[in-house]
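Structural features, examined
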Amino acid sequence: MGLTFHNIPIRSFLCFSLLLVLFSSCSIVNFTTVKNPPANKAFVFDNKIELKGNISKDEKKRLSEELVNYWDDSLKVPKIQQFGVFYKIKNPPVFDSANITRTEAMMNAYLNSQGYYYATYADSVKIDTVKEQIRAKIHMRIQVGKNITIDSVSFALGDSTLQQLTKEKENSTLLKKGVPYTKGLISAELDRLVSLYRQNGYFLFTRDDIFAEADTTDPRLLELTLDPFKQAQLIAEAAKARRENPTWDITIFNRPITDSNRLKQYYIGQLYYYPETQMSDIPDSLLKRTDFLETHRRNMTMRYKKGLFNYRPLREHTFLRNGSLYNENDYFKSINTLGRIGAWQQVDARPVIRGKDSLDVYFFLAPAIRQNFTIDLEGSRNTADFGLGNLWGISTNFAYNNKNVWKSAVQSLTTLRTGVELNLLTSDKSRLLQTFLVNVGHTYAFPKLIVPFKNWRALSRLDNKKTLFSVNGSYVDRRDFYKLRSLVTSWGYEWKKGNNTWLYKPLNVELYSIDTLDGLRRLFDSIPFLRSSFNSGRVVSQSLSLVRNFINSNNPNRSHYMRIGLEEAGGLFGLFGGIRNQIYRYVKLEAEYRESIKMRKTELAFRAFAGVGYNYGNDTLRDRTLPFFKQFSAGGPYSMRAWGLRQLGLGSSKQSEASASANSYRDRFGDFQLEANIEYRYPLATIAGVKIGSALFADIGNIWNLKTNTIDPEAKFSFKNLGRDLAIGVGTGVRVDFSYFLIRLDLAYKVKDPARQYNNGWMDKFQWTENRANGLKIPNYALQLGIGLPF
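Presented here is an overview of the structure given in this document. (Residues numbered from 1 in each chain as written. Predicted model: local features only at pLDDT ≥ 70, side-chain atom pairs only at ≥ 80, totals over all residues. Heavy atoms only, no water.)

A closer look at the pattern of salt bridges
Tallying each qualifying case throughout the model produces 40 salt bridges. Across the pair Asp151 and Lys177 runs a salt bridge whose closest N-O atoms are separated by 2.6 Å. Remark: Lys177 occurs in the loop between α4 (160–168) and α5 (183–198) and Asp151 occurs in strand β8 (residues 149–156); sequence separation between them is 26 residues. A relative accessible area of 64% means that Lys177 is categorised as exposed. (Salt bridge = Lys/Arg side-chain N within 4 Å of Asp/Glu carboxyl O. Helix = DSSP H or I, 4+ residues; strand = E, 2+ residues; numbered from the N terminus. Buried < 20%, exposed > 50% of the residue type's maximum accessible area, 1.4 Å probe, protein only.)

Side note on the nonpolar core
Counting residues in each nonpolar core, the largest one holds 26 residues, and the members touching the most others are Leu271, Trp344, Val361, Phe363 and Leu365. Those elements that place two or more of their residues in this core are β11 (267–274), β13 (300–304), α9 (328–340), β14 (344–354) and β15 (358–367). Ranked by the residues each element gives to this core, the list is headed by β15, at four residues. Those residues in contact with Leu365, other than ones at most four positions away along the chain, are Tyr273, Tyr274, Pro275, Glu276, Thr277, Leu314, Leu338, Trp344, Gln346 and Val347. (Core = buried A, V, L, I, M, F, W, Y, C linked by side-chain atoms within 4.5 Å. Contact = heavy atoms within 4.5 Å.)

Considering the packing of aromatic side chains
The full count for this structure, using the stated rule, is 36 aromatic pairs. For the pair Tyr331 and Phe332, a centre-to-centre distance of 5.0 Å together with 70° between the ring planes defines the contact as edge-to-face. A relative accessible area of 6% means that Tyr331 is categorised as buried. Over the face of the ring belonging to Phe319 we find Lys333, whose NZ or CZ atom lies 4.2 Å from the ring centre. Here the basic side chain of Arg594 rests over the ring of Tyr561, its NZ or CZ set 4.4 Å away from the ring centre. (Phe/Tyr/Trp six-rings, centres within 6.5 Å; stacked < 30°, edge-to-face > 60°. Lys NZ or Arg CZ within 6 Å of the ring centre and 35° of its normal.)

Some thoughts on the environment of Pro447
Relative to the helices and strands, Pro447 resides in the loop between β19 (433–446) and β20 (463–478). Exposure remark for Pro447: the relative accessible area of 10% places this residue in the buried category. Put simply, Pro447 and Gln411 are 36 residues apart on the chain and 8.1 Å apart in space, counted from C-alpha to C-alpha.

Concerning the sheet that holds strand β6 (residues 120–130)
Taken in spatial order, the three strands of this open sheet run β3-β7-β6, and their pairing is mixed. Pairing within the sheet leaves two strands with one partner each, and these edge strands are β3 (42–52) and β6. In this sheet, neighbouring strand axes are inclined to one another by 15° on average, regardless of whether the strands run parallel or antiparallel. Across the sheet, helix α2 (residues 57–67) lies against β3 and β7 (133–143), angled at about 155° from β3, the strand it touches most. Helix α3 (residues 98–113) rests against β3, β6 and β7 of the sheet, and its axis sits at about 140° to β6. (Pairing = 2+ DSSP bridges. Axes fitted to C-alpha atoms, helices over the stretch in contact; angles between N-to-C directions.)

Details of the sheet that holds β8
Within a sheet, each strand pairs with its neighbour through backbone hydrogen bonds, oriented either parallel or antiparallel. In spatial order, the strands read β8-β10-β9; together these three strands make up an open sheet with mixed pairing. Single-partner strands in this sheet number two, and they are β8 and β9 (210–215). Pairs of neighbouring strands in the sheet enclose a mean axial angle of 25°, with direction left out of account. Here β8 runs beside strand β10 (residues 247–254); their pairing, made up of seven bridges, is parallel. Within β10, the residue paired with Ala156 across the bridge is Phe253. Sheet contacts for α5: β8, β9 and β10; angle to β9, the most-contacted strand, approximately 145°.

Remarks on the packing of α2 against α3
The geometry of α2 relative to α3 is characterised by a closest axis approach of 11 Å and an angle of 140° between their N-to-C directions. Our classification of the angle between α2 and α3 gives oblique. Regarding α2 and α3, the two cross each other, and that crossing is right-handed. Here α2 contributes Arg62, Leu63, Glu66 and Leu67 to the contact with α3, which in turn contributes Met107, Tyr110 and Leu111. Along the lines of polarity and charge, the residues of the contact of α2 with α3 split into five nonpolar, no polar and two charged. (Parallel < 35°, antiparallel > 145°, perpendicular 65-115°, else oblique. Left-handed = near helix turned anticlockwise from the far one by under 90°. Nonpolar A, V, L, I, M, F, W, Y, C, P; charged D, E, K, R; others polar.)

Focus: the packing of α4 against α5
Packing of α4 against α5 brings their axes to within 11 Å, and their N-to-C directions diverge by 115°. Viewed along their axes, α4 and α5 adopt a mutual orientation that is roughly perpendicular. Both α4 and α5 take part in a crossing whose hand is right-handed. Residues Leu162, Leu165 and Thr166 of α4 lie in contact with α5, whose contacting residues are Leu193, Leu196 and Tyr197. Residues that form the contact of α4 with α5 fall into these classes: five nonpolar, one polar and no charged.

A look at the side chain of Thr467
Take Thr467: it is sitting in strand β20. For Thr467, a relative accessible area of 0% puts it in the buried group. From its side chain, Thr467 meets the backbone nitrogen of Ile450 in a polar contact 2.9 Å long. Setting aside chain neighbours within four positions, we find Thr467 in contact with Tyr444, Ala445, Phe446, Lys448, Leu449, Ile450, Trp491, Gly492 and Tyr493. (Polar contact = N/O pair within 3.5 Å; in protein donor to acceptor, adjacent residues only side chain to side chain.)

Considering the pairing of β13
The buried count for β13 comes to five of five residues, which makes it a mostly enclosed element. Here β13 shows a buried face lined by Met300, Met302 and Tyr304 and a second buried face lined by Thr301 and Arg303. One ladder, built from three bridges, connects β11 with β13; its direction is parallel. Across the sheet, Tyr272 pairs through a bridge with Thr301, a residue of β13. Bridge count for strand β12 (residues 293–297) against β13 is five bridges, and the pairing is antiparallel. The partner of His296 across the bridge, within β13, is Thr301. Connecting β12 to the next strand, β13, in antiparallel fashion are two residues, including Arg298 with a positive phi near 55°.

Encoded structure:
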C-alpha cells in the first residue's frame, strides 16, 4: 500500500528533518541532562573504553561493543535517548572506586573467554563539578595483548564407533591449527560433535558426556636438566614465547560413562500420530487411552476420534523411516515440516525407547482453525490517471481460507475484490463513477509435489514441498477509455533446500482482452507511444525463481537477501503457426540483492535491482515492447521515492511532458530497469511502547525500452547515455513502528531528473516546483506514505 502527495505544505517537515540531522552530529554530552543526582556525592556521568593492541579494526570494534556490557552496575550510565538527539540520566548511583576493580575482573573474564589471557588494564577517573553536580568520567584503557591460537587438536573418546565417526568428519572440525582460541569456539565444536553423534543413532548422548581440555604446558619445560641456569633459561624462553606467540593444544575427551545406554545406537521403530490433539491435552494421558480409532499403514499408526485427516500428508512429511538409525536432524525436520503445512497450529513429538535399541516416536498435532473469513476495506488516491488528476478509490476484499480440503491438509484460498474510483471534484454527478473493477481468484496449495516421476530420489531431500494451482479472473471498466478482461491460471511447484526457496511454474496461461474507447483513441493521437502498450494478447509461459536468505557467518549482524527470476513465454507454443500470432513471445529476467548491517542502535541497508525483458515476436505493432502488464515501472513509496507512482522514465524522454493538455496520463512502463538504494535508519524516540524512527536515503535508477522508437528515441537504453539517463533522489522520513506493522512517511527530492532540459538534469538551485518550457508545472519533491520498510 502506498500514497503519493504533491499538494500539501512540507516546508516545516523538511526543516524539522534537517534540524534532526544537524543535532545528531553534535556531541552527546552537550545534550545530556541529569535528573535526581545524589547530593554532594560523585556519580558516573560518562564511561569510556579504549582498546589497544595489534588487532584488526573489526575485532577491536567487536570487543569494544561487547565490553560495554561488563561495566559494574554501579558504573553504568542509566542514559535514555529522547527524540534522537537528547539524552537524560535518571537517578544515577553514587560513584565508588572499588567497583572499578570488579569491572576489570569481569572484563578480564570476558577477554579470557575470547582467548586474550594477557590483557593489562589502566583506569583513570576525572571529577567535574557542574551546577552543584559532581560528575565522574571513567576512562578504561585495555592493552589486550596477543590472542591465543590453537596449535593442535586430538580426540580421545574411548569408544571405537564414536572415534570412527569423529575421524570420518574430522575435516568439519572448527578447531584448526592457527585459529584463535575462544571458549565460544570450543563450545561450538562440542555442539558439533554431539549433533554428529545424535544424527547417527546416539539418542541418549548429551553435551554432559563430552568435554575439551587445553594443554598450556610448553614442552621445553619437560626437558630434564640438572643445570639451574639452563632451567632458568628454559623458563624465561617459555614465558617469552607465551607473550609473543601463545598457543594451546586441545584434546576432546569422553567423560566416564556410568550408563552404557548412552553409548548405544538406537533405531526407529513404530510411528504414531495423534492428528486431532487438543491444546489442553496431556501427552501422557493420550498415550494411555484405548478408545481411539486407528488406521495402520506399514509401521505407521494414526489414532483419532473424528476422522478429520487422512494419513497421507503425515507420511509424506515425516522423514523418519522404520529400521533406520535415529537422526536428530530428521526428527526436528519432521516436526517443523508438519507444522509448516498449515493444517496444524502446533506439532510436538516424543521419542520413547522400546526393547533393547528401538525408538518409537509419537507425534501430537493440534489442528488449526479449519475455515476463516476476512473482509477488508481499502481506500486510495490516484494522482496520475486518465482525464482527471484526483481520483479517490474504495474497494472491498473478501477472502475465504480452508486449511484442510479433502481431509488432506490441502490449503485453499478464495478471494473476491470489488472496487470503484470516484471523481469527487466534478460538478457533473453523471461522471462521479470513473472506474469499476471486480476480481475473483482461487488457489490450491497441495502439501506435496504432484509429479509423474514419483520415485525420483532427489525429491525426498527437499523441504516444504508444495504444488500450487491458481485461477484468477478480472474485469475493469475505465469509463470512456477502455474495458479490460483477463483470465490467468497457473500450475507450479515450490520447495526449499537449505536457505534457498525455489518456485517453478511449468505452465502459466494469461488471456487478456481490451476494448479501446473514444477517450483512449484520442490519447493515442496525442501520445502515440502508448498504443503499443494497450493490446489484447495471450501469454503462455513458464517461470523459475530463486530466493536466498542468509546471515554472514563471521558477522551475525549482516543479513543478505537475493532473488533471481526468469520467465519465458511463447518459446514452445510459438513454434505452431496457428497460434504464433496470438501469443506474446518474450524472455524476462530479474535480479535483486539486499543487505542489512545492524549496528548497536542503527541500521544501514542497501538494495540493488536489475530487470530486463525482450519481446522477440514478429508483430510490428504489438511486439515492440513487452506487454504493459509485464513491464517495469519506477517511482512510488517503494521505488525512486522522489517520483510519484510509475512516473519516472523512460530514460531521458520528455514525451509524457510534451503537452500540458495530454499530461493527464503519466504512467510509464519499460522493458529494462536499473535501480540502487541506500538507507541509514536510526531511532528517534519511544512513546507509549511505539517506536519512532527516521532514515536518510538515496535512490538512483530509471527504466528504458530496448527497441528503437522513432517517435521517442531518448526512451531507448544506451550505455553512452547511462549517466544522462539516471535519476537521483534523496530524502528523509519518519517511521512509526507498532510492532505488528509499520507506517512510513518519506519526503524525497529530485537531485537529478533526466526530464530536466538543462544542466544535464542536475538541480542548479533548490526549488519545490519548476516550469517546463511548455508551461507545465512539475513538482521536484514527493511525499510518500507506505506500509512497511521500502526494502
